[in-house]
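Structural characterization, general
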Amino acid sequence: MLSIILPAKNEAPALAGLLPRLRSAWPDAEIIVVDDGSGDDTARIGMEAGVRVVRQPYSMGNGAAIKRGTREAGGDVLVFMDADGQHDPALVGRLLDRLGEGYDMVVGARDWSGQAGVGRGIANTLYNWLASRMTGFAVADLTSGFRAVRADKFREFLHLLPNGFSYPTTCTMAFFRSAYAVAYEPVPVARRIGRSHIRPLRDGIRFLLIIFKIATLYSPLKLFVPASLVFFFIGLGYYAWTFATEHRFTNMSLLLFSASVIVFLIGLVSEQITALTYRREG
């Protein structure tokens, strides 16, 4: 059974055109619209289209809507897609075909023309590069919300997913960490209908935190060891300079060496915690 989940907040204009096409393309699929506290006719449009509508009493975030939809879904395969009209329902078949090749998750990868502005494009390119370096796999689109997954695999990581917008980053890194097969399928993306809920200034810090989350979700030592080495070599350089000029070992050198050790130990503990987080019973 196939379940298609669309998190939606104030997406009535887009859903009015998208849902009939989605139902026509996939008449046997379970289609779930998770209304994340919308103030418009999102829920009514969903019910009139004959799909299942799950309503959140107030807005909890995109990730929270994904988690709610996943818990409600009965399918063995889950497809997540944005409710803003960017994705053609016919493209779902391409993701499912790749999933049938033995993958556990297939992500619809956007090219540069599919990015929402130059700033978002540059940020996503940075995320993709960093994730590729961390995992050793080519990550074509870390933040795409259009993906097909095996339900049992995805549910293993529900407790890790944030309630905000970075759920694609979290689940992608979780799949790589757990050695589940991930594939990327290039897909065209249309211009969204309506206004984006992402604000560059408000969400700037959130995007910065995503970069650190990429590292800590996959292998914390890959983040903490370089930071530890930076403190160590700065301390070593400062000690060499003070020894040459003052012939003494200063408190600053001691502080930098101590910081190097502390940062490394924090990374070591984080690595063990991460390993326990991804451990599966049985």
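The structure contained in this document is the topic of the report that follows. (Residues numbered from 1 in each chain as written. Predicted model: local features only at pLDDT ≥ 70, side-chain atom pairs only at ≥ 80, totals over all residues. Heavy atoms only, no water.)

Section: the overall build of the chain
A count of helical and extended segments in the chain gives 10 helices and seven strands. Counting every position in the chain, which comprises 282 residues, the buried fraction comes to 49%. Only carbon and sulfur atoms are counted for the fraction: they give 62% of the accessible area of the chain, which is about 13,800 Å². (Helix = DSSP H or I, 4+ residues; strand = E, 2+ residues; numbered from the N terminus. Buried < 20%, exposed > 50% of the residue type's maximum accessible area, 1.4 Å probe, protein only. Areas by Shrake-Rupley, 256 points an atom, 1.4 Å probe, with all protein chains shown as cover.)

Comments concerning the pairing of strand S3 (residues 52-56)
Direction of pairing for strand S2 (residues 30-36) relative to S3: parallel, over a ladder of five bridges. What sits directly across from Ile32, in S3, is Arg52. Handedness of the crossover joining S2 and S3 through helix H2 (residues 42-48) is recorded here as right-handed. (Pairing = 2+ DSSP bridges. Right-handed = clockwise from strand over helix to strand, strands pointing away.)

Observations concerning the pattern of salt bridges
Side chains that differ in charge, positive against negative, can pair when their charged atoms come close. Scanning all chains against the criterion turns up 16 salt bridges. For the salt bridge of Asp41 with Arg44, the shortest nitrogen-to-oxygen distance reads 3.2 Å. With relative accessibility at 39%, the residue Asp41 sits in the partly exposed group. A salt bridge links Arg98 to Glu101, with the shortest nitrogen-to-oxygen separation between them at 3.3 Å. Salt bridges here are not isolated pairs; linked through shared partners, they connect Glu30, Arg52, Arg68 and Glu72. (Salt bridge = Lys/Arg side-chain N within 4 Å of Asp/Glu carboxyl O.)

A look at the sheet that holds S2
A sheet is described by the order of its strands in space; here seven strands give the open sequence S3-S2-S1-S4-S6-S5-S7, paired in mixed fashion. Only two strands of the sheet have a single partner each, and these edge strands are S3 and strand S7 (182-186). Between one strand and the next, the sheet's axes are offset by a mean angle of 20°, whatever the strand orientation. Of the strand pairs in this sheet, strand S1 (residues 2-8) and S2 are connected by six bridges, and their pairing is parallel. Each bridged residue has a counterpart across the sheet, and for Ile5 the counterpart in S2 is Ile32. (Axes fitted to C-alpha atoms, helices over the stretch in contact; angles between N-to-C directions.)

Focus: the packing of aromatic side chains
To describe a pair of aromatic rings, one takes the distance between the centres and the angle between the planes. Tallied over the full model, the rule gives 12 aromatic pairs. Centre to centre, the rings of Tyr238 and Trp241 are 6.0 Å apart; their planes meet at 45°, and the pair counts as tilted. Of this pair, Tyr238 and Trp241 both sit in helix H9 (residues 221-246), three residues apart, which is roughly one turn of the helix. In this structure Tyr238 comes out as partly exposed when scored by relative accessible area, which is 31%. Aromatic pair Tyr239 and Phe243: ring centres 5.9 Å apart, planes at 45°, arrangement tilted. A residue pair is termed a helical-turn pair when its members lie 3 or 4 positions apart in one helix, as Tyr239 and Phe243 do in helix H9 at four residues. An aromatic cluster is defined as three or more aromatic residues linked by ring pairs; in this entry it consists of Phe232, Phe233, Tyr239, Phe243, Phe249 and Phe257. Between Lys153 and the ring centre of Tyr180, over which it is positioned, the NZ or CZ distance is 5.5 Å. (Phe/Tyr/Trp six-rings, centres within 6.5 Å; stacked < 30°, edge-to-face > 60°. Lys NZ or Arg CZ within 6 Å of the ring centre and 35° of its normal.)

Some points on unusual backbone geometry
A positive phi angle is found at Asn10, which is not glycine, with a value near 55°. With respect to the helices and strands, Asn10 occurs in the loop between S1 and helix H1 (12-25). What makes Asn10 partly exposed here is its relative accessible area of 34%. The phi torsion at His247 lies on the positive side, around 55°, for a residue other than glycine. Exposure remark for His247: the relative accessible area of 61% places this residue in the exposed category.

A closer look at helix H7 (residues 167-177)
Taken across its 11 residues, H7 has 10 buried, putting it largely inside the fold. By the burial criterion, the buried members of H7 are Tyr167, Pro168, Thr169, Thr170, Cys171, Thr172, Met173, Ala174, Phe175 and Phe176.

A few points about the packing of H9 against helix H10 (residues 251-277)
Running from N to C, H9 and H10 point in directions that differ by 170°, and their axes come no closer than 8 Å. Here H9 is positioned roughly antiparallel relative to H10, judged by the angle of their axes. Residues that form the contact of H9 with H10 fall into these classes: 18 nonpolar, seven polar and one charged. (Parallel < 35°, antiparallel > 145°, perpendicular 65-115°, else oblique. Nonpolar A, V, L, I, M, F, W, Y, C, P; charged D, E, K, R; others polar.)

Remember that the coordinates give geometry; whether it matters functionally is a separate question.
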